[in-house]
Number of protein chains: 2
Amino acid sequence: MEVSVKLKWNKALRFNAEVADGRAVEINSAEDMGHAFTPMELFLFALAGCTAMDVVWILERQRQKVDNFEISARGIRHKEDPKYYEIADLEYKIEGKGIRKDAVERAIRLSQEKYCSVRAMINDNVNVRITYKIRDGEGQEQTFMYADHSSQEPS
Amino acid sequence: MEVSVKLKWNKALRFNAEVADGRAVEINSAEDMGHAFTPMELFLFALAGCTAMDVVWILERQRQKVDNFEISARGIRHKEDPKYYEIADLEYKIEGKGIRKDAVERAIRLSQEKYCSVRAMINDNVNVRITYKIRDGEGQEQTFMYADHSSQEPS
C-alpha cells in the first residue's frame, strides 16, 4: 500500500504540497503563513488525526454513542537542532450519553499500541502524554489520565 | 517552543483540523476524500516539507542558485496494523545553473542528520531511501543515490 505526494518550491520557504489527484495545501515556515501550514503543524495533524479516527471507530464498535469528539494536540519542541517534539500532549474529549470510561480507555489503548500508524513511527522518540475528558450527556465533564501500561503488558 | 492544533469530529471519519489562528484543513479516511487529506498523506507532507525547507535554505547559504526545486515522497506501508511506513522514498529534484553535486549532497546530509525535526522523530523506525536529481541549466538531468554515512560518521 503506497502513498505519494509532491512538493513544489514556490519562493523563499513556501511550497505547494500536492497529492496525485490534485488535492493541495501550502507549506511555509512560521513567518508570513497566510493559509499555509508548517511541517510541524502538519505532523501534529497527522498524529492527532490518526488516533482520532481509531478512537471514534473503536468507540462505535463498542456501541458507545458519541455525540461530540475533539482532540487537542500540543507539541513541545527540543531547544536545539533538530527541533523535534520532545513531548506531545494529546487530550481526547468525548461527549455522549452513557459513555463508559473503560471503553474510552480501551479505545485509546488500542489506538496507541496497535492501530495508529503515525504513533508507531515515532515510537519512544517522543514522550506522548495523554489525558481524556468524558462528558456524559448533560452531566459534569470528568478528566482522566491515560495509564500507559505498554511496558508492562504483552502486546 | 510549542505548537498546538485541534481536531473536531464532523461525521464518520471526517475531522476539521485547525490551528489556533483559524488556518484549517479537513482530515478523512481514504474513501470520499473531497479536498480532505488522510493522516498518512499529512505525515508525508510534514516529512517532505521539513527537509525541503532545510535543503533550499542550506543551498542558498552555499551560494547555489536554485531555479526550481521539487521533492517527491512515497511511503510504503506495513501490511498489518499498525500500518506505518516501512519505507519512505524521498526524491529531491534541483535545477539551476552551476549547481554542484557536493553542495546538494551536503545540504541533504545536514537536513537528514542535523536539522529535520520530523526526520529525527521517526529516526530508524522508517527506512528512508534518498535519491536526488540535478539539472544544470539547460543541461541533461543526472540522478544520484544519496550515500547515507550516518552510521559511520560522528555527528
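As the structure is a computational prediction, the values presented were derived from the model and not from experiment. Along each chain, residue indices are assigned from 1 in the same order as the chain's sequence is written. Here chains are named by letter from A upward and ligands by number from 1 upward, in the order in which they appear as written. Local features in a predicted model are, by the rule used here, given only for residues with pLDDT of at least 70; side-chain atom pairs are given and counted only at 80 or more, and totals for whole chains, interfaces and linings are based on all residues.

A short note on the sheet that holds strand β3 (residues 24-27) of chain A
Okay, step 1: Taking strand neighbours across the sheet as the criterion, the 7 strands line up as β3(A)-β2(A)-β1(A)-β4(B)-β5(B)-β6(B)-β7(B) in an open arrangement whose pairing is mixed. Every interior strand has two partners, whereas the edge strands, β3 of chain A together with β7 (141-145) of chain B, have only one. Taken pair by pair, the neighbouring strands of this sheet meet at an average axis angle of 20°, ignoring direction.
Okay, step 2: Paired strands, in this sense, are two strands between which DSSP finds at least two bridges. For helices the rule is a DSSP run of H or I covering at least 4 residues; for strands it is a run of E covering at least 2, with both sets numbered from the N terminus onward. Sheet topology places strand β4 (residues 68-77) of chain B next to strand β5 (residues 85-95) of chain B; 10 bridges connect them, and they run antiparallel. Bridging across to β5(B), B:Asn68 finds its partner in B:Glu95.
Okay, step 3: This entry defines residue contacts through backbone-placed C-beta atoms, with two residues in contact when those atoms are within 7 Å. Helix axes are fitted to C-alpha atoms over the stretch in contact, other axes to C-alpha atoms as well, and angles between N-to-C directions run from 0 to 180 degrees. Lying over the sheet, helix α1 (residues 39-61) of chain B contacts β1 (2-11), β2 (14-19) and β3 of chain A together with β4 and β5 of chain B, oriented at roughly 35° with respect to β1(A).

Structural notes on the environment of A:Tyr92
All names here are of chain A.
Okay, step 1: Secondary-structure assignment places tyrosine 92 in strand β5 (residues 85-95).
Okay, step 2: Sequence separation of tyrosine 92 and glycine 22 is 70 residues, and the distance between their C-alpha atoms is 32 Å.
Okay, step 3: Setting aside chain neighbours within four positions, we find tyrosine 92 in contact with Val55, Ile71, Ile108 and Tyr132.

Quick word on helix α1 (residues 39-61) of chain A
Residues and elements named next belong to chain A.
Okay, step 1: Helix span, expected: 1.5 Å multiplied by one less than the number of residues in the helix. The terminal C-alpha atoms of α1, which comprises 23 residues, lie 33 Å apart, in line with the 33 Å expected from a rise of 1.5 Å per residue.
Okay, step 2: In this scheme the burial state of a residue depends on its C-beta neighbours within 10 Å: 20 or more other such atoms mean buried, 12 or fewer mean exposed, and anything in between means partly exposed; the C-beta positions come from the backbone. Taking burial as the measure, the 23 residues of α1 include 20 buried ones, the bulk of the element.
Okay, step 3: A positive backbone phi angle near 60° is found at arginine 63, which sits one or two residues after α1.

Observations regarding the relation of the copies chain B and chain A
Between the two copies of the chain lies a relationship made up of a rotation around an axis and a movement along it.
Okay, step 1: The operation relating chain B to chain A is a screw motion whose rotation component is 180°, with 0.0 Å of axial translation and a residual RMSD of 0.0 Å. Within this description, the copies of the chain are treated as partners about a two-fold rotation axis. When C-alpha distances to the rotation axis are compared across chain B, the minimum falls at B:Ile122, with a value of 2.4 Å.
Okay, step 2: Interface residue correspondence from chain B to chain A reaches 100%, placing this contact among same-surface, isologous pairings. Superposing the copies works by least squares over the C-alpha atoms of residues that have pLDDT at least 70 in both of them.

Some thoughts on the pairing of β7(B)
Residue and element names in this part refer to chain B.
Okay, step 1: Burial analysis of β7 places just 0 of its 5 residues in the buried class, a small minority of the element.
Okay, step 2: Sheet analysis places strand β6 (residues 127-135) next to β7, joined by 5 bridges and oriented antiparallel. Of the residues in β7, the one forming a bridge with tyrosine 132 is phenylalanine 144.

Some details on unusual backbone geometry
Okay, step 1: That bond from A:Asp81 to A:Pro82 is cis: its omega, -10°, falls within 30 degrees of zero.
Okay, step 2: Phi at A:Arg63 is positive, roughly 60°, even though this residue is not glycine.
Okay, step 3: With respect to the element layout, A:Arg63 can be found in the loop between α1 and β4 (68-77).
Okay, step 4: Its 9 C-beta neighbours within 10 Å are what place A:Arg63 among the exposed residues.
Okay, step 5: You will see that B:Asn123, though not glycine, has its phi angle at about 45°, which is positive.
Okay, step 6: Counting through the fold element by element, B:Asn123 comes out in the loop between α3 (117-122) and β6.

Remarks on the packing of α1(A) against α1(B)
Okay, step 1: Taken N-terminus to C-terminus, the directions of α1(A) and α1(B) make an angle of 155°; their axes are 8 Å apart at the nearest point. When the interaxial angle is binned, α1(A) and α1(B) end up roughly antiparallel. Where α1(A) crosses over α1(B), the two elements pack in a sense that is left-handed. Within the contact between the two elements, α1(A) uses A:Pro39, A:Leu42, A:Phe43, A:Phe45, A:Ala46, A:Gly49 and A:Cys50 and α1(B) uses B:Pro39, B:Leu42, B:Phe43, B:Phe45, B:Ala46, B:Gly49 and B:Cys50.
Okay, step 2: Amino acids are sorted into nonpolar (Ala, Val, Leu, Ile, Met, Phe, Trp, Tyr, Cys and Pro), charged (Asp, Glu, Lys and Arg) and polar (every other residue, Gly among them). Here the contact of α1(A) with α1(B) is built from residues that sort into 12 nonpolar, 2 polar and no charged. Note that the term roughly parallel is reserved for angles under 35 degrees, roughly antiparallel for angles over 145, roughly perpendicular for angles of 65 to 115, and oblique for everything else. What makes a crossing left-handed is the near helix being turned counterclockwise from the far one by less than a right angle; a clockwise turn instead makes it right-handed.

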